[in-house]
Amino acid sequence: APASPPAQHLFSDPAEIEALRANLLAWYDKCKRDLPWRTLAATEPDADRRGYAVWVSEIMLQQTQVATVIDYYNRWMQKWPTLKALAQASLEEVNELWAGLGYYSRGKRLQEAARKVVSELAGRMPRTAEDLQKLLAGVGRYTAGAIASISYGQATGVVDGNVIRVLCRLRCIGADSSSPAVIDQLWDMANALVDRSRPGDFNQALMELGATVCVPKAPLCRECPVKQHCRAWRRKLFGKPNSVPDVEDCGAGVCPLCPPATEPWDSSLGVTNFPRKGAKKQPRVVRTATCVLERRGCHGAPEYLIVQRPSSGLLAGLWEFPSFPLAQGLQEKQQREALADHLQAWTGQSVAAGGLRFIGEVVHIFSHIHQTYVVYSLPLDGGITLDPASSPSRWVTEEEFHASAVSTAMKKV
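One numbering rule holds for all chains: residues counted from 1, following each sequence as written. Whole-chain, interface and lining totals are the exception, using all residues; otherwise, since this is a predicted model, local features are given only for residues with pLDDT of at least 70 and side-chain atom pairs are given and counted only at 80 or more. Side-chain descriptors were evaluated using all non-hydrogen atoms of the structure, hydrogens and water having been removed beforehand.

1. Details of the overall build of the chain
Part 1 of the argument: Secondary structure summary: the chain contains 16 helices and seven strands in total.
Part 2 of the argument: Taking the principal axes of its C-alpha atoms as reference, the chain extends roughly 85 × 50 × 35 Å.
Part 3 of the argument: For the chain, buried positions account for 48% of its 413 residues.
Part 4 of the argument: Whether two residues are in contact is decided by their heavy atoms: any pair within 4.5 Å suffices. For the chain, long-range pairs separated by at least 24 residues make up 67% of all intrachain contacts whose partners lie at least 6 apart in sequence.
Part 5 of the argument: For the area figures, the Shrake-Rupley method with a 1.4 Å probe applies, and any residue is considered shielded solely by the protein chains shown. If you sum the accessible surface of the chain, you get close to 20,000 Å²; carbon and sulfur atoms cover 52% of it. For helices the rule is a DSSP run of H or I covering at least 4 residues; for strands it is a run of E covering at least 2, with both sets numbered from the N terminus onward. Burial here depends on accessible area, computed with a 1.4 Å probe over protein chains only, as a share of the maximum for the residue type. Under 20% is buried, over 50% is exposed, and the range in between is partly exposed.

Listed below in structure tokens is the structure:
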């Protein structure tokens with residue numbers, strides 16, 4: 001393969017780059033969504049508070065839809081409007097507010113990094129993408145670029161899922177878009193395209209285009225402000241020209257950015273031929289026994305035992321009903337007996353397998369795990385005492401349960 005991709009895939013014409021910037025920014029000014037973090041970034045005069053506001057939004061938006069994030073973001077900024085306020089919060093408080101947003105390590109790392117800014121950086125946010133990525137835990141290349149460009153005006157590009165889709169379609173990049181070689185080329189392209197006078201707005205415009213117009217399925221190409229620069233759109237309209245080699249032919253099959261020869265252009269897909277991704281890894285299948293222990297509280301209302309998960313790993317620090325992983329292939333009777341043994345070892349009290357009532361199964365899909373919770377209930381006449389050193393626990397009412405730092409999966413249970 002050639003050391004660098006052929007020019008057909010790149011933006012090399014300065015006039016075209018300027019036209020694309022102008023068209024995209026004009027569209028963004030007219031059509032952008034009204035989002036709370038954009039309002040804060042545009043109106044907050046204090047640079048550190050502006051950077052913090054953008055930082056929180058970018059961490060929340062990782063792997064999570066905008067519609068879901070808005071309410072969490074507003075509650076977060078109301079509770080912790082500054083880095084100092086967040087640094088003084090407890091991890092339990094952070095987990096409680098984050099509950100249901102998923103990918104819980106994000107909130108933990110955000111708070112850890114906020115404490116570092118306050119204690120080691122005198123409360124001053126790093127101002128460049130390089131320093132943001134180097135100094136703050138949980139801030140990767142994309143998040144650093146977004147904060148630096150939006151909050152501090154650094155002319156640096158960003159590459160997220162929306163940008164990948166837009167750029168791959170603009171330049172008919174059909175190689176595996178998740179491969180390091182393609183990602184590096186997309187970063188080079190994003191850095192070349194970013195508007196030097198309005199880098200934050202340009203990056204947000206590029207992401208907004210991917211989120212609202214250049215969507216994965218049924219893209220709104222006729223509404224696209226940069227369709228005249230889009231090779232995939234022209235390919236769809238006019239087909240493959242005979243006299244001039246098309247990008248699909250560049251490099252005679254050895255171009256590192258073209259689709260594999262075994263996956264040529266599919267005219268029925270149009271622009272959605274791009275981007276292309278490698279085969280997705282199948283999620284790991286896990287079965288977990290979960291027991292809802294119930295007692296009558298002092299006021300007659302039912303109370304339920306919840307225990308805290310370890311401080312690292314999946315759902316770190318969150319609370320759950322007593323649970324433990326099941327070996328594959330167990331029959332229902334064996335599952336019940338295994339759960340009874342686990343509870344007995346855990347509590348130091350006798351637990352009869354026959355007293356466990358099977359409720360049903362709850363399926364929850366994590367990004368890399370297909371999790372099935374096999375749910376049992378066990379009513380108790382009195383409470384039980386656990387060793388706090390082995391697993392912190394507490395009894396909660398249903399209302400207290402929903403206010404606690406519990407995962408969406410446990411709410412399903």
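2. Quick notes on the pairing of strand β6 (residues 369-379)
Part 1 of the argument: In terms of residue burial, β6 counts as a mostly covered element, since nine of its 11 residues are buried.
Part 2 of the argument: By the convention used here, strands pair only if DSSP detects at least 2 bridges between them. Note that strand β1 (residues 284-296) and β6 share 11 bridges and pair parallel. In the sheet register, Glu 294 faces β6, and the bridge partner there is Pro 379.
Part 3 of the argument: In terms of strand pairing, strand β5 (residues 357-365) meets β6 through eight bridges, oriented antiparallel. Paired with Ile 365 across the bridge in β6 is His 370.
Part 4 of the argument: Once β5 ends, the chain turns through three residues before running back antiparallel as β6.

3. Comments concerning the domain arrangement of the chain
Much of the literature gives interface size as the accessible area that the parts lose upon coming together.
Part 1 of the argument: In terms of domains, the chain is made up of domain 1 (7-273) and domain 2 (284-403).
Part 2 of the argument: The domain boundaries here were taken from an automatic or database domain assignment. Between the C-alpha centres of domain 1 and domain 2 there is a distance of 40 Å.
Part 3 of the argument: Taken together, the contact between domain 1 and domain 2 spans six residues of the former and 10 residues of the latter.
Part 4 of the argument: Using a 1.4 Å probe, buried area is obtained as the accessible area two parts lose upon being combined, added over both of them. In terms of surface lost to domain 2, no three residues of domain 1 exceed Glu 92, Asn 95 and Tyr 104, which account for 61% of the buried area on that side.

4. Focus: helix α12 (residues 199-212)
Part 1 of the argument: Helix length check: α12, at 14 residues, gives a terminal C-alpha distance of 20 Å against a target of 20 Å (1.5 Å per residue), a fit within 8%.
Part 2 of the argument: Most of α12 sits inside the fold, with 11 of its 14 residues counted as buried.
Part 3 of the argument: For α12, the secondary structure elements touched by its buried residues are α1 (14-31), α2 (36-43), α9 (141-152), α10 (161-170) and α11 (180-193). By this rule the span expected of a helix is its residue count minus one, scaled by 1.5 Å.

5. Overview of the packing of helix α4 (residues 66-79) against helix α6 (residues 91-98)
Part 1 of the argument: Between the N-to-C directions of two axes lies an angle of 0 to 180 degrees, each axis being a line fitted to C-alpha atoms and, for a helix, fitted only over the stretch in contact. Relative orientation of the contacting elements α4 and α6 amounts to 150°, with a least axis distance of 10 Å. Judged by the inter-axis angle, α4 sits roughly antiparallel to α6. Between α4, through Tyr 72, Arg 75, Trp 76 and Lys 79, and α6, the contact on the second element is made entirely by Glu 93, Val 94, Leu 97 and Trp 98.
Part 2 of the argument: Throughout, the ten residues Ala, Val, Leu, Ile, Met, Phe, Trp, Tyr, Cys and Pro are labelled nonpolar, Asp, Glu, Lys and Arg are labelled charged, and all others, Gly among them, are labelled polar. Partitioned by chemical class, the residues of the contact of α4 with α6 number five nonpolar, no polar and three charged. If an angle is under 35 degrees, it is roughly parallel; if it is over 145, roughly antiparallel; if it lies from 65 to 115, roughly perpendicular; otherwise it is oblique.

6. Looking at the pattern of salt bridges
When the charged atoms of two side chains lie near each other, side chains of opposite charge can form a pair.
Part 1 of the argument: Salt bridge criterion: a side-chain nitrogen from Lys or Arg within 4 Å of a carboxyl oxygen from Asp or Glu. In total, this model carries 15 salt bridges according to the counting rule given.
Part 2 of the argument: With its nearest N and O atoms 3.9 Å apart, the salt bridge here joins Arg 394 to Glu 92. Remark: Glu 92 occurs in helix α6 and Arg 394 occurs in strand β7 (residues 393-396); sequence separation between them is 302 residues.
Part 3 of the argument: What makes Arg 394 partly exposed here is its relative accessible area of 26%.
Part 4 of the argument: For Glu 92, a relative accessible area of 22% translates into the label partly exposed.
Part 5 of the argument: Measuring nitrogen to oxygen at the nearest pair gives 3.1 Å for the salt bridge that ties Arg 309 to Glu 320. One end of the pair, Arg 309, is in the loop between β2 (302-308) and β3 (319-320); the other, Glu 320, is in strand β3, with 11 residues separating them in the sequence.

7. Focus: the packing of α6 against helix α7 (residues 105-120)
Part 1 of the argument: Axis separation between α6 and α7 bottoms out at 9 Å; the angle between their running directions is 140°. Between α6 and α7, the crossing angle belongs to the class labelled oblique. Classified by chirality, the crossing of α7 by α6 is right-handed. Facing α6, whose interface residues are Leu 91, Val 94 and Trp 98, α7 presents Arg 106, Gly 107, Lys 108, Leu 110 and Gln 111.
Part 2 of the argument: When grouped by side-chain class, the residues that make up the contact of α6 with α7 number four nonpolar, two polar and two charged. Note on convention: the crossing is left-handed when the near helix lies turned anticlockwise from the far helix by less than a right angle, right-handed when the turn is clockwise.

8. Looking at the packing of aromatic side chains
Part 1 of the argument: Only Phe, Tyr and Trp rings take part, Trp by its six-membered ring, and two of them pair if their centres are within 6.5 Å. Stacked means planes under 30 degrees apart, edge-to-face means over 60, and tilted covers everything else. Tallied over the entire structure, the rule returns six aromatic pairs.
Part 2 of the argument: With a centroid separation of 5.1 Å and 10° between ring planes, the pair formed by Phe 321 and Phe 401 is classed as stacked. With Phe 321 in the loop between β3 and β4 (323-325) and Phe 401 in helix α15 (residues 398-403), the pair connects residues that are 80 residues apart, well separated along the chain.
Part 3 of the argument: Classification of Phe 401 by relative accessible area gives buried; the value is 6%.
Part 4 of the argument: An aromatic cluster is present here, built from Trp 76, Trp 80 and Trp 98 joined pairwise through their rings.

9. Things to note about the nonpolar core
Part 1 of the argument: If you look at the biggest cluster of nonpolar residues, it comprises 104 residues, and the most contacted ones within it are Tyr 52, Trp 55, Met 60, Trp 76 and Leu 209.
Part 2 of the argument: Among the elements that take part in this core, helix α3 (residues 47-61) stands out by supplying eight residues, more than any other.
Part 3 of the argument: Residue-level mapping places this core at the junction of two domains, with at least three residues from each of domain 1 (7-273) and domain 2 (284-403).
Part 4 of the argument: In this structure, Trp 55 is in contact with Leu 83, Leu 110, Ala 113, Ala 114, Met 125, Leu 136, Val 139, Thr 143 and Ile 147, ignoring residues within four places of it in sequence.
Part 5 of the argument: We call a set of buried Ala, Val, Leu, Ile, Met, Phe, Trp, Tyr and Cys residues a nonpolar core when their side-chain atoms join them within 4.5 Å. The next biggest cluster of nonpolar side chains, apart from the first, holds 17 residues, and it includes Cys 291, Leu 293, Val 351 and Tyr 376.

10. Let's talk about the environment of Asp 71
Part 1 of the argument: Secondary-structure assignment places Asp 71 in helix α4.
Part 2 of the argument: Overall, Asp 71 belongs to the partly exposed group, its relative accessible area being 43%.

11. Digging into the environment of Ala 47
Part 1 of the argument: Tracing the backbone through its elements, the reader meets Ala 47 in helix α3.
Part 2 of the argument: The exposure class of Ala 47 is buried, given its relative accessible area of 19%.
Part 3 of the argument: With 136 residues separating them along the chain, Ala 47 and Ile 183 place their C-alpha atoms 30 Å apart.

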